[in-house]
Amino acid sequence: MKIVLVGYMASGKSTVGRLLAQKSGMRFLDLDEYIEGKLEAGITDIFKEKGEVYFRKKEHEFLREVLAENEDLVIATGGGTPCYSGNMHTMLEESGGVFYLKVSIPELVRRLFKEKDQRPLIRHLDDNELPEFIGKHLFERSPFYSMASYSINCDHKEAEGIADEIKALLG
Ligand code: S3P
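These numbers were taken from a predicted model, which means no experiment stands behind them.

Caption draft 1: Structural context of the environment of methionine 9. Along the chain, methionine 9 falls in the loop between β1 (2-6) and α1 (13-24). C-alpha separation for the pair methionine 9 and threonine 77, spaced 68 residues apart in sequence, amounts to 9.9 Å. Among residues more than four places away in sequence, those in contact with methionine 9 are Gly79, Leu108, Leu112, Arg119, Leu121 and Ile122.

Given below as structure tokens:
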């Protein structure tokens, strides 16, 4: 079985995914790290040198590859993964559950202020442009995230509690 976590940048997909995998005796796989390993380059460099369209193509290809692996996996996707190439439908069809880690705009802004420089989509923005960018971007992406099997409200919760909540939903 595959369990897939989706959500905006800094929503906690990797942290929660690691804990969920531990609690469920499954292996954790971070799609961004998988892509970096396969292409032998960091995400920022891939965006810089090959562009976003190339990244999205590879993201789609490697998503299909990990979903086809013959092993139980908790998969943390990238923030944009559900929004391109029919990926959300693929994940819903090929997994045992897609979980949207829902975080409010103010909380995302708070987290991303600190991490802006490591993220190719927002590193060029001034700090004062960040709230509006995140608000609009999340609005565009919400229809995709909302297709998830379950939406988990993550504000004011520890990663541990979120992982327990997902585990309980899996039964
Ligand atoms: C992206 C999010 C990143 C990474 C890439 C694009 C996005 O993943 O896949 O920089 O489009 O939101 P995280 O959500 O793990 O930061």
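Caption draft 2: Up close: the sheet that holds strand β5 (residues 150-153). Pairing in this open sheet of five strands is parallel, and the strands run β2-β3-β1-β4-β5 from one edge to the other. With partners counted over all chains shown, the strands left at the sheet margins are β2 (27-30) and β5, one partner each. Direction aside, neighbouring strands of the sheet carry axes that sit 25 degrees apart on average. Note: β1 against strand β3 (residues 73-76), four bridges, orientation parallel. Its bridge partner lying in β3, lysine 2 is registered against leucine 73. Docked against the sheet, α1 engages β1, β2, β3 and β4 (97-102), running at close to 165 degrees with respect to β2.

Caption draft 3: Region of the structure containing the packing of aromatic side chains. The tally for this structure, following the rule as stated, stands at four aromatic pairs. On the basis of an interplanar angle of 40 degrees and a centroid distance of 4.8 Å, the ring pair of phenylalanine 47 and phenylalanine 55 is categorised as tilted. Each member of the pair, phenylalanine 47 together with phenylalanine 55, is buried. For lysine 50, the ring lying beneath its charged end belongs to tyrosine 54, and the centroid distance is 4.8 Å.

Caption draft 4: Examining the site of the ligand more closely. Around the ligand, 14 residues are found, and the nearest of them are Lys13, Asp32, Arg56, Arg119 and Arg141. Aspartate 32 places a side-chain nitrogen or oxygen 2.7 Å from an oxygen atom of the ligand. For the ligand, an oxygen atom lies 2.7 Å from a polar atom in the side chain of arginine 56. Within the complex, 91% of the 390 Å² of free accessible area of the ligand lies under protein. At a threshold of 2 Å from the grid points, most atoms of the ligand map onto the largest pocket. When contributions to the shell around the ligand are tallied by element, the ones reaching two or more residues are α3 (43-50) and α4 (52-67). Residues that form the shell around the ligand fall into these classes: six nonpolar, three polar and five charged.

What counts, and where the lines are drawn
- Residues numbered from 1 in each chain as written.
- Predicted model: local features only at pLDDT ≥ 70, side-chain atom pairs only at ≥ 80, totals over all residues.
- Heavy atoms only, no water.
- Helix = DSSP H or I, 4+ residues; strand = E, 2+ residues; numbered from the N terminus.
- Contact = heavy atoms within 4.5 Å.
- Pairing = 2+ DSSP bridges.
- Axes fitted to C-alpha atoms, helices over the stretch in contact; angles between N-to-C directions.
- Phe/Tyr/Trp six-rings, centres within 6.5 Å; stacked < 30°, edge-to-face > 60°.
- Buried < 20%, exposed > 50% of the residue type's maximum accessible area, 1.4 Å probe, protein only.
- Lys NZ or Arg CZ within 6 Å of the ring centre and 35° of its normal.
- Near = heavy atom within 4 Å.
- Polar contact = N/O pair within 3.5 Å; in protein donor to acceptor, adjacent residues only side chain to side chain.
- Areas by Shrake-Rupley, 256 points an atom, 1.4 Å probe, with all protein chains shown as cover.
- 1 Å grid on protein atoms, 1.4 Å probe; cavity = no way out; pocket = protein on both sides within 12 Å on 5 of 7 lines; lining within 4 Å.
- Sits in = over half its atoms within 2 Å of the grid points.
- Nonpolar A, V, L, I, M, F, W, Y, C, P; charged D, E, K, R; others polar.

So far we have only geometry, and geometry alone does not tell us how the molecule works.
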